[in-house]
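# Observations on the model geometry
Here are the chains, one letter per residue:
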Amino acid sequence: MSGTKSGGHADDPFQEGGGSLLRQPKAVWATAGASVVAFMGIGLVDPILPSIARGLHASNSQVSLLFTSYFLITAFAMLVTGFVSSRIGGRKTLLAGLALVVVFAALSGMSGSVGELVGFRAGWGLGNALFVSTSLAVIVGAAAGGSAAAILLYESALGLGMACGPLLGAILGDLKWRYPFFGTAVLMAIGFVAITAFLKEQPRPARKTSLLDPLRALGHGGLASAAVAAFFYNYAFFTVLAFTPFVLDMSPYSSGGVFFAWGVLLAVFSVLVAPRLQHRFGSLKVLGGSLLLLAADLLVLGYGDHTTAVVCTVLSGAFIGLNNTVFTELALGVSDAPRPVASAGYNFVRWFAAAAAPFLAPKIEEWTDLHVPFVVAAAAAVAGAGIVAVRRRALTIEAAELEPRHAAQDGASAFAN
């Protein structure tokens, strides 16, 4: 992925055989559909955070632990997912992850205290980690149109899930804060049935993944740089996702509408805008510029009035969409590590920020005032842009050098349809 004009090949599905993104095997669509629901679970609680706080007599910082426990477990689970999937196979790993989500989402809906809910969300995070990390490898290995089409399909699932999660949370949460958790359990159960019906087992890799392989992969300067930059970016991202609902202080329907619009922009800029900007300006320029624009947006959000905060929250989805696509491509293409291993190492680092931001932002507000959490988030986004600039040489590769190796890896992980 060149840091100059080429910027990777993310736009190929639109320029050559534009239907390649849509013409996919049933197994890919089943996996992508379940991925949508998995990503819905991330933003599901957004519009009902204040309702959960009132229902369980908890403070904002206590309720924010719903994100922290979820992503902290997710981060550590990234070291386990490759170890598990390389031994029991991708299909069984997906089904195990889905089963855990079904169980712990249902238990979350039955929680009697915020402590129970935080604990059940941790179990949910383990299931989601097993599913999400494996689903990316499955989609990349099986999608028609190569890795570029697969990444766009994955980002489409991410964007759609991020958009629909708050909407589902608002609709069901307006009736009772427990209902969104039960709704997710039902949807993931449907995903379990779809994966069982349409996805056949993949051939297992010749070499089993060890628990340390993702950490060893981070020894590559480019992958480590991408992971650390994504760490700072994720802090900004999840300040928006987990802290802004308290700042907006809106009804579940209104908050769900705001984050639905946010998710729509995220999806559009991930799938449609990012590839074209990368082709024109290069991936690293797009990434650095988008991170700086996100920082500016966060500052305006933090210091603006309520209407401005709503507009900036929605607008941040555009910058987050751009960043998600470019960071995913960097993580999968910047090193010669197998894609599942590189993805696991990259996600292990960046999810720690997703765990930290929801916990720290309300604490920072308690220690200072409402504006400072957004200043810290903006500084984190600037730090990410700085790493991209300083480590530009390590992050710049010629895609052609690694493509044959990755093509072989993809072929090894492809499954019968």
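As a starting point, this report considers the structure included with it. (Residues numbered from 1 in each chain as written. Predicted model: local features only at pLDDT ≥ 70, side-chain atom pairs only at ≥ 80, totals over all residues. Heavy atoms only, no water.)

Each pair of aromatic rings is reported with the distance of its centres and the angle of its planes. Counted according to the given criterion, the structure contains 17 aromatic pairs. Each ring, one from Phe 76 and one from Phe 348, has its centre 6.1 Å from the other, and the planes form 65°; the classification is edge-to-face. With Phe 76 in helix α5 (residues 65–88) and Phe 348 in helix α15 (residues 339–367), the pair connects residues that are 272 residues apart, well separated along the chain. When the centroid spacing of 5.5 Å and the interplanar angle of 50° are considered together, the rings of Phe 243 and Phe 374 count as tilted. Of the two residues, Phe 243 is situated in helix α11 (residues 221–248) and Phe 374 in helix α16 (residues 372–390); the sequence distance between them amounts to 131 residues. A relative accessible area of 1% means that Phe 374 is categorised as buried. Taken together through their ring pairs, the aromatic side chains of Tyr 70, Phe 71, Trp 124, Trp 177, Phe 181, Tyr 233, Phe 237, Phe 238, Phe 259, Trp 262, Phe 327 and Trp 351 make up a single cluster. (Phe/Tyr/Trp six-rings, centres within 6.5 Å; stacked < 30°, edge-to-face > 60°. Helix = DSSP H or I, 4+ residues; strand = E, 2+ residues; numbered from the N terminus. Buried < 20%, exposed > 50% of the residue type's maximum accessible area, 1.4 Å probe, protein only.)

On to the side chain of Thr 31, then. Mapped onto the elements, Thr 31 comes out in helix α2 (residues 26–43). Accessibility expressed as a relative area gives 0% for Thr 31, which makes it buried. When neighbours within four sequence positions are excluded, Thr 31 is seen to be in contact with Leu 94, Phe 131, Ser 135, Val 138, Ile 139, Ile 195 and Leu 199. (Contact = heavy atoms within 4.5 Å.)

Below, the discussion takes up α16. Here α16 is 19 residues long and its end C-alpha atoms lie 27 Å apart, about the 27 Å a rise of 1.5 Å per residue gives. Taken together, the buried positions of α16 are Pro 373, Phe 374, Ala 377, Ala 378, Ala 380, Ala 381, Gly 384, Ala 385, Ile 387 and Val 388. Against α11, α13 (283–303), α15 and α17 (392–395) lie the buried residues of α16. (Expected span 1.5 Å × (residues − 1).)

Turning next to the packing of helix α12 (residues 252–281) against α13. For the pair α12 and α13, the least separation of the axes is 7 Å and the interaxial angle reads 120°. Classed by the angle they form, the pair α12 and α13 counts as oblique. Each of Leu 277, Gln 278 and Phe 281 in α12 lies in contact with α13, whose residues at this interface are Ser 283, Lys 285 and Val 286. Tallied by class, the residues present in the contact of α12 with α13 amount to three nonpolar, two polar and one charged. (Axes fitted to C-alpha atoms, helices over the stretch in contact; angles between N-to-C directions. Parallel < 35°, antiparallel > 145°, perpendicular 65-115°, else oblique. Nonpolar A, V, L, I, M, F, W, Y, C, P; charged D, E, K, R; others polar.)

It is worth spelling out the environment of Ser 343 at this point. Turning to its location among the elements, Ser 343 is positioned in helix α15. Exposure remark for Ser 343: the relative accessible area of 7% places this residue in the buried category. The spacing of Ser 343 and Ser 133 is 210 residues in sequence and 7.5 Å in space, taken between C-alpha atoms. Excluding anything up to four places from it in sequence, Ser 343 contacts Leu 136 and Leu 332.

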